[in-house]
Amino acid sequence: MSGITEVPSPQRTRTRWWILAVLCLSLFMVVVDNTIVNVALPTLSEELSATTANLQWIVDAYTLVFSALLLAFGYFGDRTGRRRALQFGLVIFAITSGLAALSQTTEQLIGARALMGIGAAMIFPATLAIIINVFTDIRERAMAIGIWSGVTGLAVAAGPVTGGLLLEHFWWGSIFLVNIPIALVALLAGRLLIPDSRDPRPGGLDRLGMVLSIAAVAAVVWAVIEAPHRGWTSAEIVITGTTGLLLLAAFVVHELRTRYPLLDVSLFRNPRFSAASVAIASAFFGLFGFIFLITQYMQLVQGYSPLQAGLRTVPFAVVTGVFSPLSIAIMHRVGSKAVVTFGLALMSTGFVMASTLNADSAYFGPVLASMVVMAAGLGLTTSPATEAIMGALPADKAGVGSAVNDTTRELGGTLGVAIVGSVFASLYGPQIVDGLKGFPEQVVALAEESMGAAVVLSEQIPQGAVLLDAARSAFMSGFQAGSLVAAGATAVGAVLALLWLPARHRVTPTT
């Protein structure tokens, strides 16, 4: 039975493609905010005196709340209406974007970014769930998912371009204010075009499941984000991380026993569903971890302006945008396993290539080549993996299925920033201290906080050139190691996809 309830057959008209355009606009805005901040990190480091830990939280506060609430809000959309969830999310996102733009301190900005995550968690699962219900033809649905995935990849890469363009002409708050007109357009167009849909048989409300899912994801993600700064074996991290894992186990037990579960965890027995989820998580682990470093590399090490750095990510966006829908056509010919496995292996190759970069590497050469290879891999991976996840579910459970897909993305991305950032910091800090022996302790302490602080200091002291060389060398050590961690994550994903993902996708009936 289809989940569409108010407009029974929009799929029989061209309206469905306009609906897809509105959904992709909403999606683009939410995903861009995952990466648009990265290009502003050097600016925020200077303007708000943000440390490396502050910078990671400015990025991760958004993804922490986003990932913690995705399952609950996907469930909310299935029960109360996906258009309603989308529209609520757009309103919240617009308001909190204004708050972020007006922030005066790092604490205020981190708080506003967390609130933006609430709106994003409503928007993201609703977009994919609506696509599943509007596009009932199997091949059209696969193409729509390919376009949706392409927009996701495009937005990831377009964030630095958009941010760089805005920072070139306006103050840093403009990277958040730009969300407001986009949200208003999507809100109005969505009200006019998008049919409402929901689960026609929602059953009872799984309140305990919602609480457990939010608490478990939030605790685990917080522990991973904070571990690099507090210590992986510190009491806070061990207690919070263990608590999160116990809550996750309790969630699984509860979902298996309750009559109306928030998430049917037995779905993970389906190799198509579970292997595709792992593939998505590993792809975005590598991607987000790498973007966290490459935007700083281009500006702080190679000296590009925010706009110049952003423009240099355009080929990444173009290649991802081309390969995402193309991967669906290839998938129909050779199957999901081959495409996803090859895509992740290609991403891993790109990260290995990036690990060989040095401070003076030419953009039109090794830098561009590594980015093109990983972008092609991303495009080949995400569309077939997303189709595999959503195709394993009936249409009336599309919201929760979308939330699982989105949660794996956000968890993967958040862990990528946290772990790759941790590896980077563990090498950058000690190496710059060694490189600045003989410098005043205050200078060394400030340079150790972040590469941005080291660049600012180098312009203020007589031995600035020596300091900058030491900082660049330390940065590259961390950058190269972080790139190898990203390569390892996607390589593991490729192996698991090869072992677990069925060779060919199977169609799930929607009626």
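Refer to the structure above for everything that follows.
Counting of residues starts from 1 at the beginning of each chain's written sequence and follows it residue by residue. Reporting in this predicted model follows two pLDDT cut-offs: at least 70 for local features of residues, and 80 or more for side-chain atom pairs to be given and counted; totals over whole chains, interfaces and linings ignore these cut-offs and use all residues. The basis for the side-chain values is all heavy atoms of the structure; hydrogens and waters are excluded.

Asks: Would you explain the overall build of the protein chain in this entry?
Replies: The helix and strand inventory of the protein chain stands at 19 helices and zero strands. Classification of residues uses two cut-offs on accessible area relative to the type maximum, computed with a 1.4 Å probe and protein chains only: under 20% is buried, over 50% is exposed, and between them is partly exposed. Within the protein chain, the proportion of its 511 residues that are buried is 60%. Put simply, 84% of the contacts in the protein chain that link residues at least 6 apart link residues at least 24 apart. Across the protein chain, the 28 positively charged side chains and the 28 negatively charged ones have centroids separated by 17 Å. Each helix corresponds to a stretch of at least 4 residues labelled H or I by DSSP, and each strand to a stretch of at least 2 residues labelled E; elements are numbered beginning at the N terminus. Any two residues having at least one pair of non-hydrogen atoms within 4.5 Å are treated as being in contact. When charges are counted, Lys and Arg contribute as positive and Asp and Glu as negative, whereas His and the chain ends are disregarded. For charged residues, the charge sits on one atom: NZ in Lys, CZ in Arg, CG in Asp, CD in Glu.

Asks: Looking at this structure, I do not really get the packing of helix α14 (residues 336–354) against helix α19 (residues 464–500). What am I missing?
Replies: Between two packed helices, both the angle of their axes relative to each other and the distance between the axes serve to describe the pair. Look at α14 against α19: their axes get within 8 Å of each other, and the N-to-C directions meet at 165°. In terms of axis orientation, α14 runs roughly antiparallel to α19. As for how α14 packs across α19, the hand of that crossing is left-handed. Taken together, the residues of α19 that come into contact with α14 (itself represented by Lys337, Val340, Thr341, Leu344, Ala345, Met347, Ser348, Phe351, Val352 and Ala354) are Phe479, Ser483, Ala486, Ala487, Thr490, Ala491, Gly493, Ala494, Ala497, Leu498, Leu499 and Trp500. For this classification, the nonpolar set comprises Ala, Val, Leu, Ile, Met, Phe, Trp, Tyr, Cys and Pro, the charged set comprises Asp, Glu, Lys and Arg, and every other residue, Gly included, is treated as polar. Classifying every residue of the contact of α14 with α19 by side-chain character gives 16 nonpolar, five polar and one charged. Angles here are taken between N-to-C directions and fall from 0 to 180 degrees, while the axes themselves are lines fitted to C-alpha atoms, restricted in helices to the stretch in contact. Any angle that falls under 35 degrees is termed roughly parallel, while one over 145 is termed roughly antiparallel, one within 65 to 115 roughly perpendicular, and all others oblique. Two helices crossing with the near one rotated counterclockwise from the far one by less than a right angle form a left-handed crossing, whereas a clockwise rotation gives a right-handed crossing.

Asks: Would you mind going over the packing of aromatic side chains with me for this structure?
Replies: To describe a pair of aromatic rings, one takes the distance between the centres and the angle between the planes. Think of it this way: a Phe, Tyr or Trp ring, Trp meaning its six-membered ring, pairs with another when their centres are within 6.5 Å, and the plane angle makes it stacked under 30 degrees, edge-to-face over 60, tilted otherwise. Within the structure shown, the criterion is met by 14 aromatic pairs. A ring pair is formed by tryptophan 17 and phenylalanine 135, whose centres lie 4.8 Å apart and whose planes are at 65°; its orientation type is edge-to-face. Residue tryptophan 17 is found in helix α1 (residues 15–35), and its partner phenylalanine 135 is found in the loop between α5 (106–134) and α6 (138–169); the two are separated by 118 residues along the sequence. For tryptophan 17, a relative accessible area of 32% corresponds to the partly exposed category. For phenylalanine 135, a relative accessible area of 0% corresponds to the buried category. Centre to centre, the rings of phenylalanine 424 and tyrosine 428 are 5.5 Å apart; their planes meet at 15°, and the pair counts as stacked. A residue pair is termed a helical-turn pair when its members lie 3 or 4 positions apart in one helix, as phenylalanine 424 and tyrosine 428 do in helix α16 (residues 398–435) at four residues. Across the pair, exposure class does not vary: phenylalanine 424 and tyrosine 428 are buried alike.

Asks: Looking at this model, I keep getting lost on the side chain of threonine 341. Mind explaining?
Replies: Take threonine 341: it is sitting in helix α14. Apart from residues no more than four positions distant in its own chain, threonine 341 is found in contact with Ala494, Ala497 and Leu498.

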